[in-house]
Amino acid sequence: MHNIVIVGGGAGGLELVTKLSKLVGQKDNINITLVDARLTHVWKPLLHEVVSGSLNLIENEVNYLIHSHQNNYNYIYGSLINIDKNDQSIDIEIHSLSHPEQKCVRNVKYDTLVLALGSISNDFNVPGVIDHCYFLDSPEQAKTIHDKIFMSYLDIKQEVIPVDPEYHVAIIGGGATGVELVSELIELKNQMAKTLFKELNQIKMTFTVIDASDRLLMALSPNISKEIEKSLKTMGVNVLKNAQVVSIDADKIYFADGSELAANLKIWAAGIKAPQVLESLKDFEKDKIHRLKVYATLQTYSDPNIFAFGDCANCQLDATQPPLGARAQVASQQADFLCTSLMNRISNKSLPMFKFNEKGSIVSLGQKSAVGEIFNELSIYGKLARTTYDALYRVHQVNIHGAKHTLQLTKRDSITKNLLKNLKLY
Ligand SMILES: Cc1cc2nc3c(=O)[nH]c(=O)nc-3n(C[C@H](O)[C@H](O)[C@H](O)COP(=O)(O)OP(=O)(O)OC[C@H]3O[C@@H](n4cnc5c(N)ncnc54)[C@H](O)[C@@H]3O)c2cc1C
């Protein structure tokens, strides 16, 4: 019996466990287990749509218990807290759902361990960030921001408390997350000001995206950055570049040049680091943000029985290039690669080397538009780009549900959208 344990059922881990279970089929000498700290999976690139209310969270959650039953693998609901390389086992902390104060630690043996733990926001130890900013790392956090915005809008409408004539939203981080989020929030505000919350027109609302570098979306080409900045400005977003945040308090954001910005709602999306558990693990080679260093086989530097991929891995395929970025595209291609690779490993064949195939990037600008570059060259804009962007989620759904099921989900989503007349009401 070969025990494969995959920890983390996110954009990469869930695709891997689904495909691997299909490949393994009824073979009774391979046992596949998925461990995840959550009961349900939501594709992380959709979180900004949960914030704005464009996406129905419940309809887009995948229940791991049901999915594991349908796809023939084991699922353990719990958090990885330790790895014992010598014993080839991991400790998983499991909290009781009915008695939250009670928990136990379960030890699980592995022959092959795959870590796909994702990443969390990096506050870079800037004072005040943890206490005064919201983060966008999980569906719960996205829902919290959503509720905060709706409650503020409702307060303005109903004048429950004295209404401030100004409301300022600041997003720190001008990468894809920050840009996509601010576009959704502007679209939400415009839509609400025309329909349910006309009172919003009576107050001055501002939306600001802040970045320490001299352009937005540093990971994309300067042309795309320019185009995105132009589009954001047209939408009414203030863009602050070369603006290094040095501290934050309840009312303001303070910058290195001595300037400050008033902000009622502050969302921090300025960078990532590996989850806490990797920070605490000893005897593993890691980078500055605690990601596990891996070879092109995706085996960790520290142990050939342990693989890591997606956001939690530092995978540098070419010494002259930076490590692969924290993107769903990378996690998905690595999941695909690992299916073949793990089957080779079980059959004692040599392991292949991962090659990344850059397919381009698309950044959404609200529900109707997007900007992107594909195949390193071709830039796409507007509705076509947005349709391509939507297709990326459908590809993820095909990978975890199959084509037929995804077609049904697509039909359902289109009916719901029509019923709600595209209002952001989730
Ligand atoms: C708002 C937003 C928009 C984005 N947009 C894009 C985009 O347009 N295009 C793109 O390519 N990328 C985008 N990304 C990045 C993309 O979401 C990530 O690169 C991708 O999700 C990484 O996949 P992963 O499998 O490594 O991790 P994740 O998808 O984050 O999954 C990690 C899983 O590990 C589990 N886990 C974590 N810790 C533990 C533990 N200790 N024990 C057990 N389980 C654990 C989590 O519950 C989770 O299920 C976006 C991210 C955000 C936040």
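Residues numbered from 1 in each chain as written. Predicted model: local features only at pLDDT ≥ 70, side-chain atom pairs only at ≥ 80, totals over all residues. Heavy atoms only, no water.

How should the site of the ligand be read in this particular structure?
Inspection of the region around the ligand gives 32 residues, with G12, D36, L80, D311 and A328 positioned closest. Between the ligand and A11, the relevant distance is 2.9 Å, taken from an oxygen atom to a main-chain nitrogen or oxygen of the residue. In this structure, A37 approaches the ligand through a main-chain N or O atom, which is 3.1 Å from a nitrogen atom. At the level of elements, β6 (79–84), α6 (176–194) and α9 (328–346) are the ones that each hand at least two residues to the shell around the ligand. (Near = heavy atom within 4 Å. Polar contact = N/O pair within 3.5 Å; in protein donor to acceptor, adjacent residues only side chain to side chain. Helix = DSSP H or I, 4+ residues; strand = E, 2+ residues; numbered from the N terminus.)

Would you mind going over the pattern of salt bridges with me for this structure?
Opposite charge on two side chains allows them to pair when their charged atoms are near. Applying the stated criterion to the full structure yields 16 salt bridges. Measuring nitrogen to oxygen at the nearest pair gives 2.8 Å for the salt bridge that ties D87 to K109. On the criterion of sequence distance, the pair formed by D87 in the loop between β6 and β7 (89–95) and K109 in strand β8 (residues 103–109) is long-range, its members being 22 residues apart. Between K103 and E93 there is a salt bridge whose closest N-O contact spans 3.5 Å. Remark: E93 occurs in strand β7 and K103 occurs in strand β8; sequence separation between them is 10 residues. (Salt bridge = Lys/Arg side-chain N within 4 Å of Asp/Glu carboxyl O.)

Honestly, the UniProt feature "domain: FAD/NAD(P)-binding" (unreviewed entry) in the chain in this entry has me stumped. Any pointers?
Under the local residue numbering, the UniProt record ascribes the feature "domain: FAD/NAD(P)-binding" (unreviewed entry) to residues 3–335. Taken end to end, residues 3–335 is 29% helix and 29% strand, and its first and last C-alpha atoms sit 18 Å apart. (UniProt positions renumbered as here; feature names shortened; annotations may be inferred.)

So what exactly am I meant to see when it comes to helix α10 (residues 382–401) here?
Think of an α-helix as turning once every 3.6 residues; residues three or four places apart then point the same way. Counted at 1.5 Å a residue, the expected span for α10 with its 20 residues is 28 Å, and the 29 Å between its end C-alpha atoms agrees. When α10 is considered as a whole, its buried residues turn out to be A385, R386, Y389, Y393, H396, Q397, N399 and I400. G402 sits one or two residues past α10 and shows a positive phi near 95°. (Expected span 1.5 Å × (residues − 1). Buried < 20%, exposed > 50% of the residue type's maximum accessible area, 1.4 Å probe, protein only.)

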